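Letter by letter, the chains look like this.
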Amino acid sequence: MALLTILRYPDARLHKKAKPVAVVDERIRKLVRDMADTMYEAPGVGLAATQVDVHERVIVIDVSDEGRDLLVLINPEITWKSETVKAVEEGCLSVPGIYDEVERAERIRFTALDEEGRPYEMQAEGLLAVCVQHEMDHLEGKVFVEYLSALKRNRIKTKMKKAERELVKA
């Protein structure tokens, strides 16, 4: 089990756009395992490779209560979003302790490759739909706080920088 370091907002590396995975090989499968271990340990329900400073289109998600239903999305693409949106409170492993409402499509359909490189299509709603949209934003270099007002975003940035300074002092 290898735990990866999760980048924290406002780290500039969180804003890098991820490149498609060229081939799903053992390196990518190891990345998926390490990302899953990191997500479960954090604990969280989703993690994008961008958050661990790997700028490839890889996401792991597990919204189950037991933490035994890992979903792997390699090169994911949202192919459809419902017109109905819902404001849902979100948090992020890269912005620990911060939660706020973000509007997301209630239902989505997406395609991706699994950890063996096999393509699949899936429809999602509820927490899974929110999580997929949230993690896909990371692959585009966007953090959920960017949906908030400039005032809230600046307060969060200040709070995160202060926490980082205190962590360095300790």
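The notes below deal with the structure included here.

Criteria and cut-off values
Residues numbered from 1 in each chain as written. Predicted model: local features only at pLDDT ≥ 70, side-chain atom pairs only at ≥ 80, totals over all residues. Heavy atoms only, no water. 1 Å grid on protein atoms, 1.4 Å probe; cavity = no way out; pocket = protein on both sides within 12 Å on 5 of 7 lines; lining within 4 Å. Points joined across faces, edges and corners; volume = space filled by probe spheres on them. Helix = DSSP H or I, 4+ residues; strand = E, 2+ residues; numbered from the N terminus. Buried < 20%, exposed > 50% of the residue type's maximum accessible area, 1.4 Å probe, protein only. Contact = heavy atoms within 4.5 Å. Salt bridge = Lys/Arg side-chain N within 4 Å of Asp/Glu carboxyl O.

### Observations regarding the layout of surface pockets
If you add up the space inside the largest pocket, you get close to 460 Å³. Lining the largest pocket we find 25 residues, and of these Gly44, Val45, Gly91, Cys92 and Leu93 sit closest to its centre. Counting residues per element, the ones that place at least two in the lining of the largest pocket are β4 (85-92), β5 (95-105) and α2 (126-139).

### Section: the environment of Val85
Among the secondary structure elements, Val85 is positioned in strand β4. Here Val85 falls in the partly exposed class, since its relative accessible area comes to 46%. When neighbours within four sequence positions are excluded, Val85 is seen to be in contact with Glu103, Arg104, Ala105 and Glu106.

### Comments concerning the pattern of salt bridges
Enumeration over the complete set of coordinates arrives at 13 salt bridges. Note that Arg57 is salt-bridged to Glu77, the shortest N-O span being 4.0 Å. Of the two residues, Arg57 sits in the loop between β1 (46-48) and β2 (58-61) while Glu77 sits in strand β3 (residues 71-81), which places them 20 residues apart along the sequence. Look at Arg57 and you get buried, because its relative accessible area is 6%. In this structure Glu77 comes out as partly exposed when scored by relative accessible area, which is 43%. One salt-bridge network, held together by shared partners, links Lys17, Arg57, Glu77 and Glu140.

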